[in-house]
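# Close look at the chain arrangement
Single-letter residue listing:
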Amino acid sequence: MAEMHVYGDANLGGQNGIFNQSLPNVLDIWNDKITSAKVISGTWEVYEDTDYKGRSITLVPGDYANLAVSPGGIENDSITSVRVVSN
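Parameters and conventions
Residues numbered from 1 in each chain as written. Predicted model: local features only at pLDDT ≥ 70, side-chain atom pairs only at ≥ 80, totals over all residues. Heavy atoms only, no water. Helix = DSSP H or I, 4+ residues; strand = E, 2+ residues; numbered from the N terminus. Contact = heavy atoms within 4.5 Å. Phe/Tyr/Trp six-rings, centres within 6.5 Å; stacked < 30°, edge-to-face > 60°. Buried < 20%, exposed > 50% of the residue type's maximum accessible area, 1.4 Å probe, protein only. Lys NZ or Arg CZ within 6 Å of the ring centre and 35° of its normal.

Along the chain, leucine 59 turns up in strand S5 (residues 53-59). Taking C-alpha positions, leucine 59 is 7.7 Å from valine 46, a pair spaced 13 residues apart along the chain. Setting aside chain neighbours within four positions, we find leucine 59 in contact with Met4, Val39, Gly42, Thr43, Trp44, Val46, Tyr64 and Leu67.

Structure follows, in structure tokens:
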């Protein structure tokens, strides 16, 4: 099963949560609040808009201390939907 930990601050800090499924809308608790992430397993795509639309980046297992400066970065605090590409 795919698993990604998300954080409200850079360097895997602040409020945190765990995603283990695709979400076409991360809802108010995480909408436009994700700054860093740690992909435990699977390949994920994160998107700026709901329903997997808008600018996106692909994340493979590893730490992403600041998604805005990761390769192909996405604006800070702009993630609205997440999709599991592969487990």
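Here we take up the packing of aromatic side chains. Taken as a whole and assessed by the stated rule, the structure comprises one aromatic pair. On the basis of an interplanar angle of 65° and a centroid distance of 5.8 Å, the ring pair of tyrosine 47 and tyrosine 52 is categorised as edge-to-face. Tyrosine 47 sits in the buried class, given a relative accessible area of 5%. Owing to a relative accessible area of 23%, tyrosine 52 belongs among the partly exposed residues under this scheme. The ring of tyrosine 52 has arginine 83 lying over it, and the distance from NZ or CZ to the ring centre is 4.9 Å.

Everything listed is a geometric property; what it means functionally is a separate question.
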